[in-house]
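Tertiary structure, described
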2 protein chains.
Amino acid sequence: MTDDISSDLQPNYKLWLEHKGEYVFGPGAYAILSSIDREGTITKGAEALGMSYRYAWGVVKKIEKKLGLPLLETFKGGTVGGGGAVVTEYGKQLMEMFVRVKSEFDRVIEDQ
Amino acid sequence: MTDDISSDLQPNYKLWLEHKGEYVFGPGAYAILSSIDREGTITKGAEALGMSYRYAWGVVKKIEKKLGLPLLETFKGGTVGGGGAVVTEYGKQLMEMFVRVKSEFDRVIEDQ
């Protein structure tokens with residue numbers, strides 16, 4: 001008699017997007033773009049994740065370099081502390097594909 | 001005008017099973033158990049993957065230790081070079097959960 005151990009097992013995964021076979025966008029980048037999108041500036045977006053501006057900006061820059069496309073559009077404001085960043089359409093496309101696949105993966109796992 | 005870059009992007013993933021929150025079974029272990037199951041002995045199963053007996057057996061032992069359950073049942077044969085290994089019911093349960101989730105993940109990715 002063999003017990004069913006399936007209930008003690010939990011599938012887990014790491015998801016990422018590749019561009020021409022190369023790793024380009026994973027959970028960290030997704031969190032950074034989402035946070036910048038929500039907060040409106042790179043500084044506040046990074047801060048909300050407990051990251052430095054420099055680190056978050058570096059992650060974004062690296063992806064932009066690989067893709068040859070901008071993920072953020074930054075602008076200067078007219079008042080003190082003004083200015084901000086918006087996620088470009090390219091950035092949105094990455095975020096949307098990532099979250100779409102992630103949602104479906106999570107649904108698969110919940111069904112186990 | 002922004003191009004649609006989605007067609008240049010390909011989702012990819014790594015899948016594994018956890019037991020009480022700890023990594024226990026991934027693609028390597030799946031390949032090893034499948035190969036032993038197919039070939040009938042640990043030696044031939046490892047060989048078919050270009051691995052040493054020692055490495056394959058080590059992977060299996062590590063999982064058995066974490067789970068406290070046997071994944072392989074080995075037996076000695078009566079003739080020269082006889083004997084072999086069969087995957088236990090516990091081993092099959094791990095393989096089945098892994099391949100079930102993997103198939104569904106692959107289907108999600110193909111649909112992108």
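Residues numbered from 1 in each chain as written. Chains lettered and ligands numbered in written order. Predicted model: local features only at pLDDT ≥ 70, side-chain atom pairs only at ≥ 80, totals over all residues.

1. A word on the pairing of strand β4 (residues 84-87) of chain B
All names here are of chain B. Side chains of β4 alternate between two faces, with A85 and V87 buried and G84 and V86 left unburied. Sheet analysis places strand β3 (residues 72-75) next to β4, joined by four bridges and oriented antiparallel. Directly across from T74, in β4, lies its bridge partner A85. (Buried ≥ 20, exposed ≤ 12 C-beta atoms within 10 Å, placed from the backbone. Helix = DSSP H or I, 4+ residues; strand = E, 2+ residues; numbered from the N terminus. Pairing = 2+ DSSP bridges.)

2. Observations regarding helix α1 (residues 27-39) of chain A
All names here are of chain A. Between its first and last C-alpha atoms α1 spans 18 Å; for 13 residues at 1.5 Å apiece the expected length is 18 Å, and the two agree. Among the structural elements, β2 (22-25), α2 (42-48), α3 (53-67), β3 (72-75), β4 (84-87) and α4 (89-110) are those in contact with the buried residues of α1. Two residues or fewer past α1, G40 is found with a positive phi of approximately 90°. (Expected span 1.5 Å × (residues − 1). Contact = placed C-beta atoms within 7 Å.)

3. With respect to the environment of D106 of chain A
Note that D106 of chain A resides in helix α4. Considering only alpha carbons, one finds D106 of chain A and N12 of chain A, 94 residues apart in sequence, at a separation of 9.0 Å.

4. What to know about the relation of the copies chain B and chain A
Taken as rigid bodies, chain B and chain A are interconverted by a rotation of 180° and an axial shift of 0.0 Å, the fit giving an RMSD of 0.0 Å. The symmetry that links the two subunits is that of a two-fold axis. For chain B, the residue whose C-alpha comes nearest the rotation axis is K14 of chain B, separated from it by 2.6 Å. Counting the interface residues of chain B, we find that 100% of their copies in chain A are interface residues as well, pointing to one common contact surface. (Least-squares fit on C-alpha atoms with pLDDT ≥ 70 in both.)

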